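Coordinate inspection notes
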Amino acid sequence: MTSKGPKEEHPSVTLFRQYLRIRTVQPKPDYGAAVAFFEERARQLGLGCQKVEVAPGYVVTVLTWPGTNPALSSILLNSHTDVVPVFKEHWSHDPFEAFKDSEGYIYARGAQDMKCVSIQYLEAVRRLKVEGHRFPRTIHMTFVPDEEVGGHQGMELFVQRPEFHALRAGFALDEGIANPTDAFTVFYSERSPWWVRVTSTGRPGHGSLFIEDTAAEKLHKVVSSILAFREKEWQRLQSNPHLKEGAVTSVNLTKLEGGVAYNVVPATMSASFDFRVAPDVDFKAFEEQLQSWCQAAGEGVTLEFAQKWMHPQVTPTDDSNPWWAAFSRVCKDMNLSLEPEIMPAATDSRFIRAVGVPALGFSPLNRTPVLLHDHDERLHEAVFLRGVDIYTRLLPALASVPALPSES
Ligand SMILES: CSCC[C@H](NC=O)C(=O)O
Ligand SMILES: [Zn+2]
Ligand SMILES: [Zn+2]
């Protein structure tokens, strides 16, 4: 399906490249242009379009294809519109030009995360609609801001609003991660982000003296405890081939702050950590563990949370879950092999699952190196188009799941 020149390019690819050129890059995304883009898609496809301003300047755009049975819950296809920043000098091509090379690779920030998925949803719906299909369940596509900075001005607010409840979502799809092999990764849960700053206070003094009980000495103890825990989790992951990254708790030391001069022992120093807590961890016990590492380091060592997600949820991946049954059946019929995993990072799925809507994280990108947030993020047009085919099969199945016990 690789097309060589712009003349022969598949229109879905052309649309994808148009969207990639919209500069929705953090920290100052052009959300207005993205909203206008989706409004225009709604107009072209004859879909309902609703704009919900969840915070000043932060709009969730909802495109709706009504089902034939309004008594049934709906299918929610979510995607975020923002992308992470770039280091331009490390890119082979301008990351906002959506350059396509002679082999069919499209280079752009958002090519994998996750502008591809937004357009794949839209193009699958377009195809099904053009072919004259109707399905019992309504399909809503939500295009949300700010996922890349935590979703606090996006999905986290949207799920609390009446407009969200009015969608009556029964099941959601959201982003996954590419898979370099023939298989497709699908995420049924997520680790919980805990961003922790440990602040240590101690005796100050002249840099030439053996000062006792310093902030640095105590901070060092906490850092050692946490890095020893990191090593333990790493070993646990390494030694068990059945465990995937998302199944263990990770932590990285991401910031060290403090100090004023070489010869002044500071009274305060801090270390910041990015923990990703596995869903099977006892959260209360884990927090107590963090507190006890601080206490063991000495007086005046405290911790604070900049991010602390406390509601991990697991979407069942067995036939007790009719949505999973429909999803996995289509994949089986299409000969796609699935690798169910726990998402190592945090996506908007956590907010969706937390309000009781089962969700799967799925980006239909196989045979693709994982380049999200990386330099030279790119996607082959054939992989992109195959993803449209996959949604074209998934959506009819999901939107035709018979009434659940709770719906009759
Ligand atoms: C915890 S809010 C940050 C969310 C971010 N999501 C995608 O990369 C992440 O770091 O996982
Ligand atoms: Zn993403
Ligand atoms: Zn991302």
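Further up the page is the structure itself.
Residues numbered from 1 in each chain as written. Chains lettered and ligands numbered in written order. Predicted model: local features only at pLDDT ≥ 70, side-chain atom pairs only at ≥ 80, totals over all residues. Heavy atoms only, no water.

1. Thoughts on the coordination of the zinc ion (ligand 2)
Rules: Sites may look incomplete, because water is not among the atoms used; the donor set itself consists of N, O and S atoms within 2.8 Å of the metal (3.2 Å for Na, K and Ca). In short, tetrahedral needs four donors with all angles between 85 and 135 degrees, square planar needs four and octahedral six donors with opposite donors over 155 degrees apart and all other angles between 65 and 115, and whatever is left is irregular. Under the DSSP-based scheme used, a helix requires at least four consecutive residues in state H or I and a strand at least two consecutive residues in state E, with every element numbered from the N terminus.
H80 (NE2), D113 (OD), E175 (OE) and E175 (OE) make up the full set of protein donors to the zinc ion (ligand 2), lying at 1.9 to 2.7 Å. Here the zinc ion (ligand 2) binds four donor atoms, and the angle range of 53 to 151° at the metal identifies the geometry as irregular. Each donor residue of the zinc ion (ligand 2) belongs to the same chain, with the gaps between them written as H-x32-D-x61-E. Between the two metals, the zinc ion (ligand 2) and the zinc ion (ligand 3), the spacing is 3.3 Å, and D113 donates to both. Of this pair, H80 sits in strand β3 (residues 74-80) while D113 sits in the loop between β5 (105-107) and α3 (115-130), placing them 33 residues apart in sequence.

2. As for the site of ligand 1
The test is simple: Here a residue is near a molecule or strand as soon as one of its heavy atoms is found within 4 Å of it. Here a polar contact is recorded for every N or O atom pair within 3.5 Å, except that within protein the pair must consist of a potential hydrogen donor and a potential acceptor, and residues adjacent in sequence are included only if both atoms are side-chain atoms. For the area figures, the Shrake-Rupley method with a 1.4 Å probe applies, and any residue is considered shielded solely by the protein chains shown. Points on a 1 Å grid over protein atoms alone make up a cavity when a 1.4 Å probe fits among them but cannot get out, and a pocket when they form an open set with protein on both sides within 12 Å along at least five of seven lines; lining residues each have an atom within 4 Å of a point. Whether a molecule sits in a cavity or pocket is decided by its atoms, more than half of which must lie within 2 Å of the grid points. Under the grouping applied here, Gly and all other residues not named as nonpolar or charged are polar, the nonpolar ones being Ala, Val, Leu, Ile, Met, Phe, Trp, Tyr, Cys and Pro and the charged ones Asp, Glu, Lys and Arg. Segmentation of the chain into domains, including their bounds, is taken from an automatic or database domain assignment.
In the vicinity of ligand 1, the contacting residues are E147, E148, G150, P193, W195, R276, Q307, A345, A346, R350 and H373. Side-chain polar atom of E147 to a nitrogen atom of ligand 1: 3.4 Å apart, as the coordinates give it. Protein burial of ligand 1: of its 330 Å² of free accessible surface, 88% is covered by the chains. Among the cavities detected, the one that contains ligand 1 is the largest pocket. Here the shell around ligand 1 is built from residues that sort into four nonpolar, three polar and four charged. Counting only domains with at least three residues in the shell around ligand 1, you end up with domain 1 (6-190 + 312-407) and domain 2 (192-308).

3. Here's the deal with the side chain of D376
The line we're drawing: When accessible area is computed with a 1.4 Å probe and restricted to protein chains, residues below 20% of their type maximum are described as buried, those above 50% as exposed, and intermediate ones as partly exposed. Residues counted as positive are Lys and Arg, residues counted as negative are Asp and Glu, and His and the chain ends are not counted. By definition, a salt bridge exists where a carboxyl oxygen of Asp or Glu is found within 4 Å of a side-chain nitrogen of Lys or Arg. In this analysis, two residues are considered to be in contact whenever any of their non-hydrogen atoms come within 4.5 Å of each other.
When you line up the elements, D376 lands in the loop between β16 (359-362) and β17 (378-380). With no salt bridge to any partner, buried D376 finds its closest opposite charge in R378, at an N-O distance of 4.7 Å. A polar side-chain atom of D376 sits 2.7 Å from a polar atom in the side chain of S92. D376 has contacts with H90, W91, S92, H93, Y107 and L371, leaving out every residue within four places of it along the chain.

4. Focus on a nonpolar patch on the surface
Quick note on the threshold: Patch membership is restricted to residues that have no salt bridge and whose relative accessible area is over 30%. Joining uses 9 Å for like charges and 5 Å for the nonpolar side chains Val, Leu, Ile, Met, Phe, Trp and Tyr.
Together, L227, L253 and L256 make up a nonpolar patch on the protein surface, roughly 260 Å² of accessible area in all. Structurally, L256 is set in strand β11 (residues 250-258).

5. A few points about the coordination of the zinc ion (ligand 3)
Here the zinc ion (ligand 3) is held by the protein donor atoms D113 (OD), E148 (OE), E148 (OE) and H373 (NE2), which lie 2.0 to 2.4 Å from it. For the zinc ion (ligand 3), the donor residues sit on a single chain with the sequence spacing D-x34-E-x224-H. Accessibility expressed as a relative area gives 43% for H373, which makes it partly exposed.

6. What to know about the layout of surface pockets
Note the cut-off: Grid points are joined across faces, edges and corners, and a volume is the space filled by probe spheres set on the points.
If you add up the space inside the largest pocket, you get close to 660 Å³. R276, A345, A346, L372 and H373 are, among the 31 residues lining the largest pocket, the residues nearest its centre. Elements with a minimum of two residues in the lining of the largest pocket: β8 (184-190), β9 (192-201) and β15 (338-343). In terms of residue count, β15 provides more of the lining of the largest pocket than any other element does, three residues in total. The class makeup of the residues in the lining of the largest pocket is 13 nonpolar, eight polar and ten charged. Taken domain by domain, the makeup of the lining of the largest pocket includes at least three residues from each of domain 1 (6-190 + 312-407) and domain 2 (192-308). In this structure, the second largest pocket spans a volume of roughly 250 Å³. Considering the residues around the second largest pocket, the lining is formed by 15 residues, among which R191, E245, S250, V251 and N252 are closest to the centre. Elements supplying a minimum of two residues to the lining of the second largest pocket: α6 (215-239), β11 and β13 (268-277). It is α6 that contributes the most residues to the lining of the second largest pocket, four residues altogether. Residues that form the lining of the second largest pocket fall into these classes: six nonpolar, three polar and six charged.

7. Re the environment of T254
Mapped onto the fold, T254 is located in strand β11. In this structure the C-alpha to C-alpha distance between T254 and M114, which are 140 residues apart in sequence, comes to 25 Å. Not counting residues within four places of it along the chain, the set of residues in contact with T254 comprises S272, F273 and D274.

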